[in-house]
Amino acid sequence: MIKKIILSAQLLLAAGVTYSQTAPKPYGALPTERQIKWQETEMYCIVHFSMATFDDKEWGYGDEPNSLFNPQSFNALQIVGAAKAGGFKGIVVVAKHHDGFCLWPTKTTQHNISQSPYKNGKGDVVEEYKEACDKLNMKLGLYCSPWDRNNANYGTPEYVSIYRAQLKELYSNYGPLFMSWHDGANGGDGYYGGAREPRKIDRTTYYGWDTTWGITRSMQPTAAIFGDVGPDVRWVGNEQGHAGETSWETYTPEAPEEGKTPANGFVKDWLGTEGTRNGKYWMPAECDVPLRTGWFYHQSQDGQSKSAYKLLDLYYKSVGRAACLDLGLSPNKQGLIAPEDEQILKEFGNILKQTFAVNLAKGATLTASNVRGKNQALYGVAHLTDNDRYSYWATDDQITNPQLIVDMRKPQTFNVIRLREDIKLGQRIDGVVIDVWQNNAWQELTIATSIGANRLIRLPQNVTAAKVRLRITKSPVCIALSDFGLFKEPAHLSAPQITRTAKGEVILTTEAPVGSIHYTVDGTTPGISSPTYQHSFLLPDGGVVRALSFESANQHSEIKNMQFGPVKVGWQVKPDDKNLVKAIDDNPGTYAEIPVSAGEGIVVDLGKSTSIKAFTYLPKTDHTDGMVDAYEFYYSADGTTWLKSQSGEFANIKSNPVMQIVKLDKPIAARYFKFVPKHVIHGDIAEVAELGIITQ
Ligand code: FUL
């Protein structure tokens with residue numbers, strides 16, 4: 001029937017009959033062509049592989065010798081191929097990170113790949129990525145860090161010219177780019193050509209972003225510019241990979257303090273997650289999150305990568321909230337994505353493919369309460385399932401609360417609902433309700449707010465119904481909805497949760513019953529022939545527990561991982577007070593408060609001489625105030641004579657507040673250790689949720 005209507009409308013059009021009804025008037029701020037292309041990309045990966053990979057740091061200091069960069073098997077095809085297998089459509093290459101080392105042979109600094117042993121100084125890693133992208137039909141973007149801890153000129157106008165020259169080299173040699181990525185971590189301690197000092201810059205003025213981005217616009221007009229506050233794509237405000245439940249595509253950046261200007265690296269982070277309804281600019285969010293714990297590869301974080309189902313959760317919370325997902329990949333020292341990460345990406349890609357293979361609404365009878373000018377051909381509901389983001393169902397100007405009934409004629413089971421607006425006409429809809437026909441009546445199933453380019457509603461459980469109804473509850477203008485989809489995720493076997501009591505008893509549980517649970521405690525990959533979990537077991541000395549569930553030999557869950565240090569039974573703090581003991585009570589919810597200016601830190605008595613390979617610091621993760629970003633670590637045999645083991649920074653802890661594992665330069669044997677916070681992000685009181693050690 002619908003087909004017939006379209007056909008006859010097309011015949012009328014062909015015969016020169018025109019309809020009086022014009023297209024809906026665009027509403028509010030609108031996307032540019034490059035933003036539209038960026039939005040369609042949906043998922044890409046940001047690849048961190050540089051000096052910090054070899055230095056085992058999250059932020060290189062800038063003093064790393066060029067000789068350190070020497071991967072033996074760097075393979076851009078393997079890296080880009082792993083991203084592609086995960087369903088990602090492009091990569092953003094970190095061409096220069098904060099350590100200043102350039103992965104392409106640049107004329108702007110000696111600190112670059114041509115001075116390294118890689119391919120005897122003839123290598124060009126950026127070019128290798130470009131060739132791999134061309135071969136695999138993947139988009140390429142570049143990240144050249146504005147902050148440069150190596151450059152002697154950093155902080156002066158000369159450096160800004162150097163930075164612009166670097167961008168010009170990249171833009172002329174490696175385009176066309178789909179993104180130019182400019183992060184906001186700026187200024188602070190660094191090598192700076194040997195000065196080894198903190199350098200402060202005014203983020204609002206120093207980089208002259210208008211001029212710098214003018215270069216991007218003229219040399220790479222297709223590149224969407226990412227910055228904390230755009231101009232094309234905004235930072236979502238966290239590095240956990242999720243936008244707000246409500247996330248508007250428009251945004252009005254606010255300055256953090258009165259009298260200041262909103263600028264890159266200087267933004268009220270939390271605003272990014274929600275955007276601004278009717279905001280001044282079209283500026284959708286990018287959700288960046290590393291697949292591993294940190295952005296760079298660290299062997300100590302093996303076995304802790306996010307699982308395919310965790311990525312799926314993030315997919316719904318980013319792509320499903322009209323943002324793009326930017327997943328961090330971290331090639332290892334050889335220059336390859338580790339097999340376990342490759343496997344996770346593949347699994348994730350397969351789940352997505354299976355989920356979205358069949359739209360159950362396609363082929364259903366769709367009936368709308370109103371169609372613009374009764375013009376089915378141009379504005380009818382058939383456009384909702386034609387997989388075209390820019391053909392749409394529209395209503396008459398005054399109709400802002402229309403309904404749509406989707407009749408599948410027989411009961412179908414689904415758990416994902418997809419809605420899309422034609423964003424070329426702006427973000428129009430404020431809220432919708434979805435009902436299902438059950439027990440001879442419409443039952444309200446779920447609601448959603450912002451839609452924009454893509455809204456995926458993932459239901460907590462499967463729903464079976466033959467009829468589904470969409471009600472637009474709020475919209476300031478008539479609607480232009482381009483997509484309605486119903487999908488079913490493949491069944492998911494519940495993976496084990498791994499916990500350990502303060503006494504060292506490891507407990508594995510699943511949310512729903514499974515066939516069997518298998519695990520290892522030595523860090524090796526578990527399989528069906530690994531020990532079966534029967535009951536809790538003791539692991540007082542720590543280790544890495546890895547576990548998965550099986551339903552049958554070839555149906556299993558993802559692998560869960562948990563690293564434990566020795567139990568803290570018998571540990572004491574000095575001085576022994578109620579506040580300090582919270583740092584070793586094995587409860588991440590409580591925290592000790594330690595004044596930084598007092599310089600004394602916290603002393604822990606392990607009760608016996610212990611060999612320590614690494615120590616761990618867990619910050620309070622819900623606010624940045626007391627987060628330690630610089631520390632000193634001491635040890636002692638008697639609690640009186642202290643030796644300094646090392647000092648350093650917890651790089652990037654503010655944006656990515658995860659447990660910090662610091663591998664000691666050399667293992668030590670000690671009964672006492674002392675953790676001295678040297679600096680916190682705000683204020684003077686360091687907040688320490690947990691301190692721990694790793695012994696094996
Ligand atoms: C941040 C940086 O400081 C991190 O190291 C990482 O590169 C992340 C993607 O952006 O701003």
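Cut-off values and rules
- The residue numbering used here restarts from 1 in each chain and proceeds along that chain's sequence as written.
- A pLDDT threshold of at least 70 governs which residues receive local features in this predicted model, and a stricter bar of 80 or more applies before side-chain atom pairs are shown or counted, although totals over entire chains, interfaces and linings include all residues.
- Think of the side-chain values as coming from all heavy atoms in the structure, minus any hydrogens and water.
- By definition, two strands form a pair when at least two bridges between them are found by DSSP.
- Helix and strand assignments come from DSSP, with helices taken as H or I runs of at least 4 residues and strands as E runs of at least 2, each series counted from the N terminus.
- Any residue with a heavy atom positioned within 4 Å of a molecule or strand is treated as near that molecule or strand.
- Distance and chemistry together define a polar contact, namely a pair of N or O atoms within 3.5 Å, with one atom able to donate a hydrogen and the other to accept it when in protein, and with adjacent residues in sequence counting only for side-chain atoms on both sides.
- Surface accessibility follows the Shrake-Rupley procedure with a 1.4 Å probe radius. Residue values consider only the protein chains on display as shielding.
- In this classification, Asp, Glu, Lys and Arg are treated as charged, Ala, Val, Leu, Ile, Met, Phe, Trp, Tyr, Cys and Pro as nonpolar, and every other residue, Gly included, as polar.
- The start and end points of each domain follow an automatic or database-based domain assignment.
- Only heavy atoms matter for contacts: two residues are in contact if any of them lie within 4.5 Å across the pair.
- Joining two parts hides part of their accessible area as seen by a 1.4 Å probe, and the buried area is that hidden amount summed over both.
- For this analysis, a salt bridge means a side-chain nitrogen from Lys or Arg found within 4 Å of a carboxyl oxygen belonging to Asp or Glu.
- When a residue's accessible area, from a 1.4 Å probe over protein chains only, is under 20% of the maximum for its type it is buried; when over 50% it is exposed; and in between it is partly exposed.
- Note on aromatic contacts: the rings of Phe and Tyr and the six-membered ring of Trp form a pair at centre separations within 6.5 Å, being stacked when their planes are under 30 degrees apart, edge-to-face when over 60 apart, and tilted otherwise.
- Either the NZ atom of lysine or the CZ atom of arginine qualifies as a charge over a ring when it sits within 6 Å of the ring centre and within 35 degrees of the ring normal.
- Every axis in this analysis is a line fitted to C-alpha atoms, fitted for helices over the stretch in contact. Angles between the N-to-C directions lie between 0 and 180 degrees.
- Each helix crossing is assigned a hand: it is left-handed if the near helix lies turned anticlockwise from the far helix by less than a right angle, otherwise right-handed if that turn is clockwise.

A.B. asks: I keep staring at the sheet that holds strand 20 (residues 497-500) and nothing clicks. Help me out?
C.D. replies: Strand pairing in a sheet relies on backbone hydrogen bonds. The paired strands run either parallel or antiparallel. The strand order 20-21-23 describes an open sheet built from three strands, whose pairing is antiparallel. Every other strand in the sheet has two partners, leaving strand 20 and strand 23 (537-538) as the edge strands with one partner each. Pairing geometry for strand 20 and strand 21 (residues 505-509), over four bridges, is antiparallel. Following the sheet pairing, glutamine 497 is matched in strand 21 by threonine 509.

A.B. asks: Please clarify how unusual backbone geometry should be interpreted in this entry.
C.D. replies: Of all residues except glycine, most have a negative phi; of all peptide bonds, most are trans. The omega torsion across glycine 175 and proline 176 is 0 degrees, close enough to zero to call that bond cis. Counting through the fold element by element, proline 176 comes out in the loop between helix 6 (157-174) and strand 4 (179-181). With omega at 15 degrees, the peptide bond leading from glycine 230 into proline 231 counts as cis. One non-glycine residue, asparagine 137, lies in positive phi territory at about 55 degrees. Structurally, asparagine 137 is set in the loop between helix 5 (125-136) and strand 3 (139-144). A positive phi angle is found at asparagine 387, which is not glycine, with a value near 65 degrees. Among the structural elements, asparagine 387 can be located in the loop between helix 11 (376-379) and strand 14 (393-394).

A.B. asks: Help me out: how do you make sense of the site of the ligand in this one?
C.D. replies: Looking at the ligand, the residues that line it are His48, Trp59, His97, His98, Tyr143, Trp181, Asp183, Ala185, Glu239, Asp288, Trp295 and Asn652. Tyrosine 143 is positioned with one of its side-chain polar atoms (N or O) 3.0 Å from an oxygen atom of the ligand. At 3.5 Å, a side-chain N or O of asparagine 652 approaches an oxygen atom of the ligand. Calculation on the ligand without its partners gives an accessible area of 290 Å², and the protein chains cover 96% of this total. Counted by class, the shell around the ligand contains five nonpolar, four polar and three charged residues.

A.B. asks: Could you clarify how one ought to interpret the domain arrangement of the chain in this entry?
C.D. replies: One frequently used descriptor of interface size is the decrease in accessible area upon assembly of the parts. The domain boundaries assigned to the chain delineate domain 1 (43-355), domain 2 (365-487), domain 3 (497-564) and domain 4 (572-694). Here the C-alpha centroids of domain 1 and domain 2 sit 36 Å apart. Facing the 17 residues of domain 1 at the interface are 18 residues of domain 2. Taking both partners together, domain 1 and domain 2 bury about 1400 Å²; carbon and sulfur atoms supply 49% of that area. When the shortest N-O distance is used, the salt bridge between arginine 277 and aspartate 430 registers 2.8 Å. On inspection of domain 1 and its partner domain 2, the count reaches eleven residue pairs in polar contact (both at pLDDT 80 or more). Among the elements that line the side of domain 1 that touches domain 2, the one with the most residues is helix 9 (residues 308-318), at four residues. Of the residues belonging to the side of domain 1 that touches domain 2, the class tally is seven nonpolar, five polar and five charged.

A.B. asks: So what exactly am I meant to see when it comes to the pairing of strand 33 (residues 685-694) here?
C.D. replies: Put simply, side chains in a regular strand alternate between the two faces of the sheet. In terms of residue burial, strand 33 counts as a mostly covered element, since nine of its ten residues are buried. Here strand 28 (residues 592-595) runs beside strand 33; their pairing, made up of four bridges, is antiparallel. Bridging from a neighbouring strand, isoleucine 594 pairs with alanine 686 of strand 33. Where strand 29 (residues 602-619) lies against strand 33, six bridges are found, and the strand directions are antiparallel. If you follow alanine 614 over to strand 33, its bridge partner there is isoleucine 694.

A.B. asks: Would you explain the packing of aromatic side chains in this entry?
C.D. replies: According to the stated counting rule, one finds 39 aromatic pairs in the structure shown. Each ring, one from tyrosine 617 and one from phenylalanine 650, has its centre 5.1 Å from the other, and the planes form 20 degrees; the classification is stacked. With tyrosine 617 in strand 29 and phenylalanine 650 in the loop between strand 31 (643-649) and strand 32 (660-680), this residue pair connects regions lying 33 residues apart in the sequence. Across this residue pair, the class does not change: tyrosine 617 and phenylalanine 650 are buried. Site record: aromatic cluster; members linked through ring pairs are Tyr154, Tyr159, Tyr163, Tyr192, Tyr206, Tyr207, Trp209 and Trp213. Directly above the ring of tyrosine 251 sits arginine 234, whose terminal nitrogen or CZ lies 5.0 Å from the centroid. Directly above the ring of tyrosine 390 sits lysine 424, whose terminal nitrogen or CZ lies 4.0 Å from the centroid.

A.B. asks: Teacher, can you tell me more about the packing of helix 5 against helix 6 here?
C.D. replies: Contact geometry for helix 5 and helix 6: axes closest at 11 Å, N-to-C directions at 35 degrees. Read as a crossing pair, helix 5 and helix 6 show a hand that is right-handed. Note on element contacts: helix 6 touches helix 5 through Leu170, Asn173 and Tyr174, opposite Val126, Glu127 and Lys130. Each residue belonging to the contact of helix 5 with helix 6 can be placed in one class, and the counts come to three nonpolar, one polar and two charged.

A.B. asks: Could you clarify how one ought to interpret the sheet that holds strand 7 (residues 224-227) in this entry?
C.D. replies: As summarised here, the arrangement of the eight strands in space is 1-2-3-4-7-8-11-12, forming a closed barrel in which the pairing is parallel. Here the average twist between neighbouring strands, direction ignored, is 25 degrees.

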